[in-house]
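# Coordinate analysis (summary)
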Amino acid sequence: MILSVIQNLGQKGLDFFQRLGRGHLLFVQILAGIPGLIPRFGLVIQQVFSVGVLSMVIIVVSGLFVGMVLGLQGYNTLVDFGAEESLGVVVSLSLVRELGPVVTALLFAGRAGSALTAEIGLMKATEQLSAMEMMAVDPVRRVLAPRFLAGFISMPLLAAIFSAVGVLGGYFVGVGLLGVDEGSYWSQMQAKVDLYNDIYNGVIKSLVFGIVVTWIALFEGSDAIPTSEGVSRATTRTVVHSSLAVLGLDFILTALMFGA
Amino acid sequence: MMNTRTVEIWVGIFVAAGLAAIFMLAMRVSNLSAYSSAGGFDVTAVYEDASGLKVRSPVAMAGVTIGRVTQIRFVPLWDVMIKDGKVSAATKAAATSNDKNVETLKRAYVAVVTLHIDGQYDKQIPETSDANIYTAGLLGEKYIGLLAGAVTKCGEDEELLAALDGQKPAGTAKDCVATRYLTQGSLVRKTQGTLILEKLIAQFIDKFSSK
């Protein structure tokens, strides 16, 4: 009885480390496959379309609303201190440093990551990947690497769009509805937001999140049990794991970038 | 499946929108415009106390930001004086000996702040200007406020400069012009560091208790 519990634990642990190892091997294989994409960049463009362009609507809409909510909430807090002129600083710093990269990554995991996992899992279930191998086409280079590069390219662009639209949303609410002075909205923002410390670090964050989310999605897809149930579980795992990874990494990155 | 051309156009729009967003964040949201002024010159100011001042703090003149703090260092007062040429050759020779005053100077440390000022103000600000550390608002950040000093004409006001330098400024009329205005490498001589509330209160209490 006790032995079987311990055995179970050991099995789980071994499973975990095997998956971790497979994940890292896949990552290395994907990275090795990226140089081969340069002559066939059309594959990447196709994937940027399905990963990036199709995510744009949700990113723009949520960015707008997040910015508008920040405008409202920030105004209500700041007006107590007579500091509502700093609304632009509050909105832009929270968007550029945190909410832009993080919320975009979470939405990206839900919108694009799950789609990637489901697509690759189904390819595996319907033995398309094995068929490619039969034709001496490496599925990592042909299928996974373009998707990875597309995620890497799309994520910072999406995060930048999110932040920019959010700043505009905060502007509409703050200046348009609540009567914050337009000049101080922009000028305080420009005085306090630093190109290197804030915007550059935000872009680095979104690049890291792009790598992590796409990697998890691709790994879960190619590691899925090739049944309809297995694919559905893998899709769920993609969203859960990449969301957790994004939030955890965000803490580490924030501590490194803004902590000291 | 859409045809390749449509896909490529959409991807093009997406990438353009993303780059435009980054561009907007850089230009409209951040202080990139403050960097864009090409050129500029560095001047040095020495403070007894530069607490609260940070790298990239603004340097303002009449409320207009004309530059930024680029470096804050902590060095012996002696080094500053040697660099500024305030120390005569005789004193320098005495430095090797165990002169008590030199020892004191070597042990006195000051904050040396480098200010980067826009190129358009090169040779426009009198060297006799004050560079004081002020606080913006009650709780605001520290900045350096430049207050234009008297413009000294060459050959006049020698005693004013002499008083500031501790020695008579030498040189011909030509390099006299160059030294009368702040330019690359000049030293702002009239400075006042951060006013620290605790120190003021302590002085105040001191005065009262001594009575």
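In what follows, the accompanying structure is described. (Residues numbered from 1 in each chain as written. Chains lettered and ligands numbered in written order. Predicted model: local features only at pLDDT ≥ 70, side-chain atom pairs only at ≥ 80, totals over all residues. Heavy atoms only, no water.)

## Brief notes about the overall build of chain A
- Of regular secondary structure, chain A possesses nine helices and zero strands.
- The buried share among the 260 residues of chain A stands at 47%.
- Counting contacts in chain A only where the partners sit at least 6 residues apart, residues at least 24 apart contribute 84% of the total.
- Between the mean site of the 14 positive side-chain charges and the mean site of the 17 negative ones, chain A shows a separation of 13 Å. (Helix = DSSP H or I, 4+ residues; strand = E, 2+ residues; numbered from the N terminus. Buried < 20%, exposed > 50% of the residue type's maximum accessible area, 1.4 Å probe, protein only. Contact = heavy atoms within 4.5 Å. Lys, Arg positive; Asp, Glu negative; His and termini not counted. Charge placed at Lys NZ, Arg CZ, Asp CG, Glu CD.)

## As for a nonpolar patch on the surface
- On the surface, Leu195(B), Leu197(B), Leu200(B), Ile201(B), Phe204(B), Ile205(B) and Phe208(B) cluster together to form a nonpolar patch covering roughly 750 Å² of accessible area.
- Within the secondary structure layout, Phe204(B) lies in helix α8 (residues 197–210). (Patch = residues over 30% accessible without salt bridge, like charges linked within 9 Å, V, L, I, M, F, W, Y side chains within 5 Å. Areas by Shrake-Rupley, 256 points an atom, 1.4 Å probe, with all protein chains shown as cover. Salt bridge = Lys/Arg side-chain N within 4 Å of Asp/Glu carboxyl O.)

## Observations concerning the pattern of salt bridges
Residues and elements named next belong to chain A.
- Under the criterion given, the structure shown has 11 salt bridges over all chains.
- Of the charged contacts in the structure, one is a salt bridge between aspartate 250 and lysine 205, with a shortest N-O distance of 2.9 Å. Of this pair, aspartate 250 sits in helix α9 (residues 228–258) while lysine 205 sits in helix α8 (residues 195–222); the two residues are 45 residues apart in sequence, bridging distant segments of the chain.
- What makes lysine 205 buried here is its relative accessible area of 0%.
- Ionic contacts of the salt-bridge type, sharing partners, join the residues Arg19, Arg22, Glu220, Asp223 and Arg237 into one network.

## Looking at the sheet that holds strand β2 (residues 58–61) of chain B
Residue and element names in this part refer to chain B.
- Strand order in the open sheet formed by eight strands is β7-β1-β4-β3-β2-β6-β5-β8, with mixed pairing between adjacent strands. Every interior strand has two partners, whereas the edge strands, β7 (187–188) and β8 (190–192), have only one.
- In the sheet, strand β5 (residues 130–135) pairs with strand β6 (residues 142–147) via six bridges, with the strands oriented antiparallel. The residue of β6 that forms the bridge with tyrosine 134 is tyrosine 143. (Pairing = 2+ DSSP bridges.)

## Let's talk about the interface of chain B and chain A
- The interface is formed by 25 residues belonging to chain B together with 27 residues belonging to chain A.
- Roughly 2,400 Å² is buried in total at the junction of chain B and chain A, and carbon and sulfur atoms are behind 79% of that figure.
- In this assembly, chain B and chain A are joined by zero salt bridges.
- Across the chain B-chain A interface, the total number found is zero residue pairs in polar contact (both at pLDDT 80 or more).
- Sorting the residues of the side of chain B that touches chain A by element identifies α1 (4–29) and α2 (32–35) of chain B as the ones contributing at least two each.
- Considered class by class, the residues forming the side of chain B that touches chain A number 18 nonpolar, three polar and four charged. (Buried area = accessible area lost by both parts, 1.4 Å probe. Polar contact = N/O pair within 3.5 Å; in protein donor to acceptor, adjacent residues only side chain to side chain. Nonpolar A, V, L, I, M, F, W, Y, C, P; charged D, E, K, R; others polar.)

## Some words on the packing of helix α2 (residues 41–51) of chain A against α1(B)
- In contact at an axis separation of 9 Å, α2(A) and α1(B) are set at 65 degrees when each is read in the N-to-C sense. Between α2(A) and α1(B), the interaxial angle falls into the category roughly perpendicular. Relative to α1(B), α2(A) is oriented so that their crossing is left-handed. The residues of α1(B) that touch α2(A), namely those facing Ile45(A), Gln46(A), Val48(A) and Phe49(A), are Val7(B), Glu8(B), Trp10(B), Val11(B) and Phe14(B).
- Classifying every residue of the contact of α2(A) with α1(B) gives seven nonpolar, one polar and one charged. (Axes fitted to C-alpha atoms, helices over the stretch in contact; angles between N-to-C directions. Parallel < 35°, antiparallel > 145°, perpendicular 65-115°, else oblique. Left-handed = near helix turned anticlockwise from the far one by under 90°.)

## Describing helix α4 (residues 87–125) of chain A
- A maximum bend of about 55 degrees is found in α4(A) at Leu95(A).
- Positive phi shows up at Glu127(A), right after α4(A), with a value of about 60 degrees. (Bend = angle between axes of the 7 residues up to and from the residue.)

## A few points about empty space enclosed by the protein
- Counting across every chain of the model gives one cavity of 30 Å³ or more.
- In this structure, the largest cavity encloses a volume near 90 Å³.
- Surrounding the largest cavity, Val96(A), Pro101(A), Pro156(A), Ala159(A), Ala160(A), Ser163(A), Ile199(A), Gly202(A), Val203(A), Ser206(A), Ile22(B) and Leu25(B) form its lining.
- When contributions to the lining of the largest cavity are tallied by element, the ones reaching two or more residues are α4, α6 (139–177) and α8 of chain A together with α1 of chain B.
- The residue makeup of the lining of the largest cavity, split by class, is nine nonpolar, three polar and no charged. (1 Å grid on protein atoms, 1.4 Å probe; cavity = no way out; pocket = protein on both sides within 12 Å on 5 of 7 lines; lining within 4 Å. Points joined across faces, edges and corners; volume = space filled by probe spheres on them.)

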